[in-house]
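Coordinate analysis (summary)
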Amino acid sequence: MIIGRVVGTLVSTRKEPELEGLTLLLVREIDAELKEVGKVVVCADAVGAGTGEVVLYAAGSSARQTKATQNKPVDHVIMAIVDQFDVAGRLCYDKAKDD
Amino acid sequence: MIIGRVVGTLVSTRKEPELEGLTLLLVREIDAELKEVGKVVVCADAVGAGTGEVVLYAAGSSARQTKATQNKPVDHVIMAIVDQFDVAGRLCYDKAKDD
Amino acid sequence: MIIGRVVGTLVSTRKEPELEGLTLLLVREIDAELKEVGKVVVCADAVGAGTGEVVLYAAGSSARQTKATQNKPVDHVIMAIVDQFDVAGRLCYDKAKDD
Amino acid sequence: MIIGRVVGTLVSTRKEPELEGLTLLLVREIDAELKEVGKVVVCADAVGAGTGEVVLYAAGSSARQTKATQNKPVDHVIMAIVDQFDVAGRLCYDKAKDD
Amino acid sequence: MIIGRVVGTLVSTRKEPELEGLTLLLVREIDAELKEVGKVVVCADAVGAGTGEVVLYAAGSSARQTKATQNKPVDHVIMAIVDQFDVAGRLCYDKAKDD
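Predicted model, so just to flag it, every value in this text is computed and none were measured. (Residues numbered from 1 in each chain as written. Chains lettered and ligands numbered in written order. Predicted model: local features only at pLDDT ≥ 70, side-chain atom pairs only at ≥ 80, totals over all residues.)

1. Considerations on the overall build of chain A
Each helix and strand in chain A was counted, giving one helix and seven strands. Ordering the α and β elements of chain A from the N terminus gives β-β-β-β-β-β-β-α. Taken over C-alpha atoms, the radius of gyration comes to 14 Å for chain A, in line with the 13 Å a tight globule of 99 residues would show. The dimensions of chain A, computed from C-alpha atoms along their principal axes, are 45 × 25 × 25 Å. In chain A, which comprises 99 residues, the share counted as buried stands at 55%. Considering only contacts in chain A between residues 6 or more positions apart, those separated by 24 or more positions represent 52%. (Helix = DSSP H or I, 4+ residues; strand = E, 2+ residues; numbered from the N terminus. Rg over C-alpha atoms; globule rule 2.2 N^0.38 Å. Buried ≥ 20, exposed ≤ 12 C-beta atoms within 10 Å, placed from the backbone. Contact = placed C-beta atoms within 7 Å.)

Shown next, in the form of C-alpha cells:
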C-alpha cells in the first residue's frame, strides 16, 4: 500500500453502472516529510475519507476486496485513514496534530 | 484509476475472437493542467467515449469488470467519462465548458 | 494494452509443461512515429504474429484470457495484429502499406 | 519478490473492517550493498517481522495468499524473514551477523 | 515475461508455511547484449534453474500458475530456461555456446 493525501474529487455521470454511488477521490503519494510526490491517481473511497486527509490506498485486484468496491472496475481504493506513521524511529505524521 | 484524454483509435481484424465488437481507443494520461503526459495506452471502451473526451481508465484485472470486457484479454478499460475534477480546491476540468 | 513490434523469437526446451506448444515472441513497444521504445518483453502469441508485425499486447492476468494461454504461467500475450492506428487525427500506421 | 528492510510502522483506527488485527509495516527495498533504495511501501506482515529486519515482500494479488491476508484489501505482504542472500558468489547479508 | 540471468540465492527459515521447499533465486534482467540491467528480483524457481543460467520469468498472478507455486504468496516465477533468443535477426544468446 502507499501513503497519500487526498487532494481532490472527481465527478462522472456517464459511467459503468456498477460505479453508481461510489466516491472517487484524487490522491497523491506523500513521502516521510509529508511532501506530495509523484502523480495523481483516482481512488474509490471505502472509508469516508475527506480532502486533505492522509490515507492508505491499495492497487490492483486488491482494490476490489472492500465492501464498497467488490466486482467493480476500480483499480485503486482508499482502505484506511492514517492516524500515525513513523520512519527510522521518527514520528512523521500524527493525525491528532494535523486536525 | 488514471485521468486521460482519448487521442486516437485502433483497428484490428486478426485478433483473439473474444475481442470482436470491442472498441479500442488510444488514451494519454493528462495532468491537473490537462496537459498530456506519459505514453499512449490502448483501452477497451465500456462507456462510448469519443476522441478528445476526458475519461477515467482502470488497468489490470479490474479492466475486465465491465459488461463489455468480462473474461476478455484486455488490461485497460475506459469506465467513466469525466464531468469535472478539482485539485487543491481548484476546478481543473469542467466538461460543460470543454464541449 | 500496448502497441509493439515483434522483434525476435525465443526457444526453450526445459520449461513448465503447460508452456509446451506456445510460441514466445520478443516485442518492443513503438510510439506514434513507429519508433521502438523501451525494453524487450517476451509475449505468448495467441494470434499467429510474425517477426516485424505491429501487434497489440496485454499484460498481467489478462494475458491468460486467450485460448492459447488459459491457466498458463504467462504474463504477456499478443492478442491482436494491428491494421491501423491514428493519433490526433493522423494515421500513424497502415498495415496495407507496411506489407 | 523484493528484498527490503522494515523501516517503520503505521497505525490506523478508521479502516476497512477486514484489516482489523493486521500489522502494517513500512518497508524500503535494499540493494546488494544493503543500501535502502526507492520509496517506502506499506506491507501487511504475515510473519511477525520487526523494525530493522531484512525481509522479503510480495505484491499484487499474491499478497493475499497468506493466512493473515486472505481476501483482504492489501497489495503488499511480508512473507519471509531473510536469513542470507548472495549475489555473484558474494554473501551480501547474513542475519546471524546482523543481530 | 522478462529474460534474466540467475545471479544469486536467498535463504529464509522463518516464512509463510506454504513457501516450505520452494527455491528462491535472485534474478537480474538482461538486454540483447546479455548485459545485466535494472534491479534484482527474487523469483520462485519452477524449473530447476541454477546460478548463471539465462531464464524467463513471469510476474504477478501468472507467477502462481506453475505446479511449484500454486496458491503461494509469490509474485515472480522462473518458468523456463532459455536455449536461444534472437533480436532483429541476430542470435543474441545460444545456451549451447554458453555452457
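2. A closer look at the pairing of strand β2 (residues 24–30) of chain A
In summary, the side chains of a regular strand alternate between the two faces of the sheet. All names here are of chain A. Of all seven residues making up β2, five are buried, and the element is well covered by its neighbours. Where strand β1 (residues 2–11) meets β2, five bridges bridge the pair, whose relative direction is antiparallel. Bridge pairing in β2 places Arg-5 opposite Arg-28. When β2 meets strand β3 (residues 36–45), the two strands line up antiparallel, connected through six bridges. In the sheet register, Leu-26 faces β3, and the bridge partner there is Val-42. Hairpin connection between β2 and β3: a loop of five residues separates the two successive antiparallel strands, and Leu-34 in this loop has a positive phi of roughly 65°. (Pairing = 2+ DSSP bridges.)

3. Remarks on the interface of chain A and chain D
Taken together, the 26 residues of chain A in the interface contact 25 residues of chain D. Classifying every residue of the side of chain A that touches chain D by side-chain character gives 18 nonpolar, six polar and two charged. As defined by bridge partners, strand β6 (residues 84–87) of chain A adjoins strand β1 (residues 2–11) of chain D across four bridges and the pair is classed as antiparallel. Across the sheet, the residue bridging to A:Val87 is D:Gly8, located in β1(D). (Nonpolar A, V, L, I, M, F, W, Y, C, P; charged D, E, K, R; others polar.)

4. Topic: the interface of chain D and chain E
The partner chain E presents 25 residues to the 26 residues of chain D that form the contact. Mapped by element, the contributors of at least two residues to the side of chain D that touches chain E are β1, β4 (54–59), β5 (76–81) and β6 (84–87) of chain D. For the side of chain D that touches chain E, the per-class residue count stands at 18 nonpolar, six polar and two charged.

5. Description of the relation of the copies chain D and chain E
Expressed as a screw transformation, the operator carrying chain D onto chain E has a rotation angle of 72° and an axial translation of 0.0 Å, and the superposed copies differ by an RMSD of 0.0 Å. As the rotation angle and translation indicate, the two copies are arranged about a five-fold axis. A share of only 12% of interface residues in chain D that are also interface residues in chain E marks the association as one of differing surfaces. (Least-squares fit on C-alpha atoms with pLDDT ≥ 70 in both.)

6. With respect to the arrangement of the chains
For the non-touching pair chain A and chain C, the nearest C-alpha separation works out to 10 Å. You won't find any contact between chain B and chain E; their C-alpha atoms come no closer than 10 Å.

7. Comments concerning the relation of the copies chain A and chain D
When chain A is fitted to chain D, the best match, at an RMSD of 0.0 Å, comes from turning it 72° and sliding it 0.0 Å along the axis. Comparing interface residues between copies, only 12% of those in chain A also sit at the interface in chain D, which points to a heterologous contact through distinct surfaces.

8. Focus on the environment of C:Leu34
All names here are of chain C. Mapped onto the elements, Leu-34 comes out in the loop between β2 (24–30) and β3 (36–45). Overall, the presence of 13 C-beta atoms within 10 Å leaves Leu-34 in the partly exposed class. Along the sequence, Leu-34 and Ile-3 sit 31 residues apart, while their C-alpha atoms lie 9.3 Å from each other. Non-local contacts of Leu-34, meaning those with residues more than four positions away in its chain, are made with Cys-92 and Tyr-93.

9. Remarks on the environment of A:Val55
All names here are of chain A. Following the sequence through the fold, Val-55 ends up in strand β4 (residues 54–59). Taking C-alpha positions, Val-55 is 8.6 Å from Val-27, a pair spaced 28 residues apart along the chain. Excluding its chain neighbours within four sequence positions, the residues that come into contact with Val-55 are Gly-4, Val-6, Val-27, Ala-49, Ile-78, Ala-80, Ile-81 and Val-82.

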